[in-house]
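Observations on the model geometry
Given next are the chains, with one letter for each unit.
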Amino acid sequence: MSSFGPSSCPSCGAENIPSNSQSLLPFPVDFSATFPHYFTHNDALSELDTEGFKQNVITPATANLSAVTSEAARLRSTLAALEREEARLRSALDGYHLRISAFRRFPPEVLAEIFHWCSISSSNLLSTKKGRLWVVGQVCSRWRQIVMSQPALWTFISVDNSLGDVDSAELMKRAISLSAELPLKLHLELPLPPDSFPAPAAPPICPPWLRQLMDVSHRWHDLYLSCSLAILDDLVPIHGRLDSLQSLTLRLNSDYASAAAHRQIDLETHVFRAFEVAPLLREAELDQACCNIALPLGQLKSVKHAWFIADNSDFRHSSLTRLHSLAHCSSLVELRLVTRIEDVAPPTAMPPAMMIRLDSLCTLHLSDYHILDSIDCRNLEVLRFALRRADGYGDPDTPYFDAAAALTAVLGLLARCYCDIKVFAIPEIQADSVEPFLDVLRAIPFLDTLELDYFRWCALDAVYKSFDEGLQKIIPELDYSVDDPLIPAFVHSR
């Protein structure tokens, strides 16, 4: 009988799995050779032979299986131990490689630049411990030292009030102190609660972290603020303290009227004056009821209004009203008045007629062509129509706007102001507006760039053919192609 268990190498003593599996077995495997009289026939065994078969075959075969099972379990345990050791050694080796990795030799200024790109994202919420910079500072002592010693990393402060920690005020205080005295870029989201202003509850109060920021308002450089109208009155303490503010973006929550009612604010007469004094402010982007906000209009270079109108019958929400509010923007270079409306018809009531003179204006984006009759802009170089409907492009059979009337207004502007437009964009041409469109092109001989929206009109063969023939007469050297007649936009620079 062969011995049980693995053999060993005579040279090194290492255990080897035997090549002959019978060396693991306490009994022979071939019972037919030892007890042939049990296997040479197919007859039923007698009781005496049955007892002998159990003793001579079943019992030793069971012992053989038990021996192999035990050895397999031992080998599986050994293999598992070896695999664990392999993983440990591999992890240790990876760590050894990291000790000599080039990444560890990055100069602090390179790491600071990498961390900078982490910090300028609006998802870097400094009011929560999950903010990127707070997390980066916990990776290792070297990273923490770099993060905490670079004030520029802490100059972009993004806050979402719905995700703040209970100690957000302390986190904000710490972030402000780490920014030293550098100018701050703020991206602040103050969403309304799900049950906004349930009576008799009061509108949301100014959060503690915002008070921390208001204490350093003289360092605000760029401000993006999405909030309730009620919060604007809480910003009164920063009035006259915006010494560094250059860019302002305001997004008001949709139920600003409810907030005004709870604060007993009359939107007809009330003016929010927090941003009235800002000596360096040059850019302002506003929406919704932002006409109630006092700004230093005379120094603004760029003004962008984008708002939604569900009912276009109230002229107070019209582009003309917003244009009139900019009458004192003597330095304005860029103006954007774009609305998203359900009804493209003009308001039933209009503000009093008034000619607004904007001598410095070079770029005008608009969705309401009516303002062209009320504006004097002799230095205009870029004119773009951009009208958005509430349902996206809307029904293809319903025009964006009255293209013929819009083009007539453009012709009136050109005749009145003699401006040399170099870039002209219009979203749609209908069958009755091809000739006015060609008249406009004839009136702007210095045109460099023409932007056309091919969403609908170029699918109409008659419109496309008349436009194509007329355009080739005006600009014979124009070379353009359209692969698909329904491509959303076609821009050609001549």
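Computed from a predicted model, the values in this text were never measured in an experiment. (Residues numbered from 1 in each chain as written. Predicted model: local features only at pLDDT ≥ 70, side-chain atom pairs only at ≥ 80, totals over all residues. Heavy atoms only, no water.)

1. Considerations on unusual backbone geometry
Here Ala 180, not a glycine, exhibits a phi torsion of approximately 55 degrees, which is positive. Within the element layout of this structure, Ala 180 appears in the loop between helix 6 (168–178) and strand 4 (184–189). You will see that Tyr 418, though not glycine, has its phi angle at about 55 degrees, which is positive. Mapped onto the secondary structure, Tyr 418 falls in the loop between helix 11 (403–417) and strand 15 (423–426). (Helix = DSSP H or I, 4+ residues; strand = E, 2+ residues; numbered from the N terminus.)

2. With respect to the nonpolar core
Of all hydrophobic cores here, the largest spans 97 residues; its most connected members are Trp 220, Phe 275 and Phe 424. At 7 residues, the largest contribution of residues to this core is made by helix 11. Other than its neighbours up to four places away in sequence, Phe 275 contacts Leu 223, Leu 232, Leu 235, Ile 238, Leu 242, Leu 245, Leu 248, Leu 250, Ile 293, Ala 294, Leu 295 and Pro 296. Core analysis: the second largest hydrophobic core is formed by 5 residues, Phe 31, Phe 35, Tyr 38 and Val 57 among them. (Core = buried A, V, L, I, M, F, W, Y, C linked by side-chain atoms within 4.5 Å. Buried < 20%, exposed > 50% of the residue type's maximum accessible area, 1.4 Å probe, protein only. Contact = heavy atoms within 4.5 Å.)

3. A closer look at the packing of helix 3 (residues 108–119) against helix 5 (residues 141–148)
In the contact formed by helix 3 and helix 5, the axes pass within 10 Å of each other and the chain directions differ by 75 degrees. The angle between helix 3 and helix 5 falls in the class roughly perpendicular. Where helix 3 abuts helix 5, its residues Pro 108, Leu 111, Ala 112 and Phe 115 lie against Arg 142, Trp 143, Ile 146 and Val 147. Looking at the contact of helix 3 with helix 5 residue by residue, the classes come out as 7 nonpolar, no polar and 1 charged. (Axes fitted to C-alpha atoms, helices over the stretch in contact; angles between N-to-C directions. Parallel < 35°, antiparallel > 145°, perpendicular 65-115°, else oblique. Nonpolar A, V, L, I, M, F, W, Y, C, P; charged D, E, K, R; others polar.)

4. Focus: the packing of aromatic side chains
Tallied over the full model, the rule gives 5 aromatic pairs. Residues Trp 134 and Trp 154 carry aromatic rings whose centres are separated by 4.8 Å and whose planes lie at 50 degrees to one another, so their mutual orientation is tilted. Of this pair, Trp 134 sits in helix 4 (residues 132–136) while Trp 154 sits in the loop between helix 5 and strand 3 (156–160), and the two are 20 residues apart along the sequence. Accessibility classification places Trp 134 together with Trp 154 in one group, the buried group. (Phe/Tyr/Trp six-rings, centres within 6.5 Å; stacked < 30°, edge-to-face > 60°.)

5. As for the pattern of salt bridges
Side chains bearing opposite charge may pair, as long as their charged atoms lie close to each other. Applying the stated criterion across every chain, the model contains 8 salt bridges. Note that Glu 86 is salt-bridged to Arg 90, the shortest N-O span being 3.2 Å. Of the two residues, Glu 86 and Arg 90 both sit in helix 2 (residues 47–99), 4 residues apart, roughly one turn of that helix. Looking at Glu 86, the relative accessible area reads 44%, which means it is partly exposed. Among the salt bridges present, the one from Asp 359 reaches Arg 357, with a minimum N-O distance of 2.8 Å. Looking at Asp 359, the relative accessible area reads 32%, which means it is partly exposed. On the basis of relative accessibility, which here comes to 52%, the residue Arg 357 falls in the exposed class. (Salt bridge = Lys/Arg side-chain N within 4 Å of Asp/Glu carboxyl O.)

6. With respect to the environment of Asp 243
Considering the arrangement of structural elements, one finds Asp 243 in the loop between helix 8 (229–234) and strand 6 (247–252). Asp 243 gets classed as partly exposed once you look at its relative accessible area, which sits at 43%. C-alpha separation for the pair Asp 243 and Leu 280, spaced 37 residues apart in sequence, amounts to 7.0 Å. Setting aside residues no more than four positions away along its own chain, Asp 243 makes contact with His 218, Pro 279 and Leu 280.

7. Some remarks on the packing of helix 11 against helix 12 (residues 434–443)
Axis separation between helix 11 and helix 12 bottoms out at 9 Å; the angle between their running directions is 20 degrees. When the axes of helix 11 and helix 12 are compared, the pair comes out roughly parallel. Crossing geometry of helix 11 relative to helix 12 is assigned as left-handed. Judged by residue contacts, Leu 407, Val 410, Leu 411 and Leu 414 of helix 11 engage Pro 436, Phe 437, Asp 439, Val 440 and Ala 443 from helix 12. Looking at the contact of helix 11 with helix 12 residue by residue, the classes come out as 8 nonpolar, no polar and 1 charged. (Left-handed = near helix turned anticlockwise from the far one by under 90°.)

8. Re helix 3
Between its first and last C-alpha atoms helix 3 spans 16 Å; for 12 residues at 1.5 Å apiece the expected length is 16 Å, and the two agree. Looking at helix 3, one finds that the buried residues are Leu 111, Ala 112, Phe 115 and Ser 119. Viewed along the axis of helix 3, the buried residues span an arc of 100 degrees, placing them on a single side of the element. Seen from the open side of helix 3, the exposed residues pointing more than 90 degrees away from its buried face are Glu 109 and Trp 117. Against the buried residues of helix 3 lie helix 4, helix 5 and strand 3. (Expected span 1.5 Å × (residues − 1). Arc of directions from axis to C-beta.)

9. Here we look at a nonpolar patch on the surface
On the surface, Phe 103, Val 110 and Ile 114 cluster together into a nonpolar patch covering about 220 Å² of accessible area. Following the sequence through the fold, Ile 114 ends up in helix 3. (Patch = residues over 30% accessible without salt bridge, like charges linked within 9 Å, V, L, I, M, F, W, Y side chains within 5 Å. Areas by Shrake-Rupley, 256 points an atom, 1.4 Å probe, with all protein chains shown as cover.)

10. What about the environment of Leu 232?
Assignment of secondary structure puts Leu 232 in helix 8. Between the alpha carbons of Leu 232 and Ala 274 there is a distance of 7.2 Å; along the sequence they are 42 residues apart. Excluding its chain neighbours within four sequence positions, the residues that come into contact with Leu 232 are Leu 225, Cys 227, Leu 252, Phe 272, Ala 274, Phe 275 and Ile 293.

11. Examining the side chain of Arg 219
Looking at the secondary structure, you find Arg 219 in the loop between helix 7 (208–214) and strand 5 (220–227). Of the side chains with opposite charge, Glu 181 lies nearest to the buried Arg 219, which makes no salt bridge, at 4.2 Å. Within the structure, the side chain of Arg 219 is placed 2.6 Å from the side chain of Ser 179, a separation counted as a polar contact. (Lys, Arg positive; Asp, Glu negative; His and termini not counted. Polar contact = N/O pair within 3.5 Å; in protein donor to acceptor, adjacent residues only side chain to side chain.)

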